[in-house]
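# What the coordinates show
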Amino acid sequence: MRRRSRRRIMRATVELVDQRGYAGTTLSDIAEHAGLARGLVSYYFDGKRLLMQAATHRLMHLELAAALAELPAGTSPDARLARAIDAVLGLALDHPRVMRSHLALILDPDVGAFVQDPEQQQLGAILRGLLKDWGAPDPIAEHAVLRSALMGGCIGVLLPGASTPLAPIRADLFARYGLSWRLGVPPQPEAPERAQTSTRAGASTRA
């Protein structure tokens, strides 16, 4: 019951922030949308900011897990990592208000420190497993780099008035990991002409 209630609250948070934005969504709104008592929201989550963080992390790990589940058995580590990168970057296009709100909150030092909630830990475990299979010498350290690169990519796509198209952001990330542009879900037929060095031992490629 507790798990189901938490999930309903997080799902309601994403749905409402998608529609109204973070500032336009209250805890009472979320409780009503989830069909739960207002007190339960505060019981399960210590404030709106932490709820928003957990709800976004849940969205991210569910979308990532679903994207990977669509791949056939025996899919190569490169193809799985490529699909994961596309799944996370795609959230900036599919849920711009949610991702913009999430990034603004975790980057604002005045609203509190980043918390590694259970949803974030599940997301991290998936990414570390993908990096290990891909051949990262240190999957834990590389996960920190990939996480930062993915969030930076989302910021680039979402930055008001100065946004960057998804294609060159994706190309840089794919080049870093030595991934073919045609893996995953390419946003355009051909890759931008950018060159980077892969972090996998001895590997170098052009996006």
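Look up: the structure comes first, before these words.
Residues numbered from 1 in each chain as written. Predicted model: local features only at pLDDT ≥ 70, side-chain atom pairs only at ≥ 80, totals over all residues. Heavy atoms only, no water.

## Focus: the overall build of the protein
Convention followed: Secondary structure elements are defined from DSSP: runs of H or I of at least 4 residues count as helices, runs of E of at least 2 residues count as strands, and each element is numbered from the N terminus. We compute the radius of gyration over the C-alpha atoms and compare it with the globule rule, which gives 2.2 Å times the number of residues raised to the power 0.38. Relative accessibility decides the category of a residue: with a 1.4 Å probe and only protein chains considered, values under 20% of the type maximum give buried, values over 50% give exposed, and everything between is partly exposed.
Secondary structure summary: the protein contains nine helices and two strands in total. Whereas a compact globule of 207 residues would reach a radius of gyration of roughly 17 Å, the protein reaches 18 Å, a difference of no more than 12%. Dimensions of the protein along its principal axes, counting C-alpha atoms only, are 55 × 40 × 30 Å. Burial analysis of the protein (207 residues in total) assigns 45% to the buried set.

## Structural notes on the pattern of salt bridges
Put simply, the test is: Salt bridges, as used here, are contacts in which a Lys or Arg side-chain nitrogen is within 4 Å of a carboxyl oxygen on Asp or Glu.
Evaluated as defined, the whole model comprises three salt bridges. Across the pair Arg176 and Glu142 runs a salt bridge whose closest N-O atoms are separated by 3.0 Å. On the criterion of sequence distance, the pair formed by Arg176 in helix 9 (residues 166-176) and Glu142 in helix 8 (residues 139-158) is long-range, its members being 34 residues apart. Among the residues examined, Glu142 registers a relative accessible area of 11% and is labelled buried.

## What to know about the side chain of Ser5
Keep this limit in mind: Residues count as neighbours in contact if any of their non-hydrogen atoms are within 4.5 Å of one another.
Summarising the element assignment, Ser5 is placed in helix 1 (residues 2-20). Residue class for Ser5 comes out buried when judged on its relative accessible area of 4%. For Ser5, the contacting residues outside a window of four places in its chain are Leu36 and Tyr44.

## Thoughts on the packing of helix 5 (residues 77-94) against helix 9
For clarity, the threshold we go by: Every axis corresponds to a line fitted to the C-alpha atoms, with the helix fit spanning only the stretch in contact, and the corresponding angles, defined between N-to-C directions, vary from 0 to 180 degrees. To sort the angles, those under 35 degrees are grouped as roughly parallel, those over 145 as roughly antiparallel, those from 65 to 115 as roughly perpendicular, and the leftovers as oblique. Left-handed describes a crossing in which the near helix is turned anticlockwise from the far one by less than a right angle; the clockwise case is right-handed. Here the nonpolar group is Ala, Val, Leu, Ile, Met, Phe, Trp, Tyr, Cys and Pro; Asp, Glu, Lys and Arg are the charged ones; every other residue, Gly included, is treated as polar.
For the pair helix 5 and helix 9, interaxial distance at closest approach is 11 Å and the crossing angle is 150 degrees. As the angle between them shows, helix 5 and helix 9 are arranged roughly antiparallel. Here the hand of the crossing between helix 5 and helix 9 comes out right-handed. Where helix 5 abuts helix 9, its residues Ala82, Ile85, Asp86, Leu89 and Leu93 lie against Leu166, Ile169, Arg170, Leu173 and Phe174. Split by residue class, the contact of helix 5 with helix 9 holds eight nonpolar, no polar and two charged.

## Observations regarding the packing of helix 4 (residues 48-69) against helix 6 (residues 96-107)
Orientation of helix 4 relative to helix 6, taken along the N-to-C sense of each, is 130 degrees, at an axis distance of 10 Å. One element, helix 4, and the other, helix 6, form an angle in the oblique class. Once helix 4 is placed against helix 6, the crossing between them reads as left-handed. For the pair formed by helix 4 and helix 6, the contact residues are Arg49, Met52, Gln53, Thr56, His57, Leu59 and Met60 on the first element and Val98, Met99, Ser101, His102, Leu105 and Ile106 on the second. Here the contact of helix 4 with helix 6 is composed, by residue class, of seven nonpolar, five polar and one charged.

## What about helix 2 (residues 27-34)?
Put simply, the test is: In this description, one arc is meant: the one made by directions from the helix axis to the C-beta atoms.
Within helix 2, burial applies to Leu27, Ile30, Ala31 and Ala34. One side of helix 2 holds all its buried residues, which, seen down the axis, span an arc of 100 degrees. Buried residues belonging to helix 2 abut helix 1, helix 3 (38-44) and helix 4. Looking one or two residues beyond helix 2, the residue adopting positive phi is Gly35, at roughly 75 degrees.

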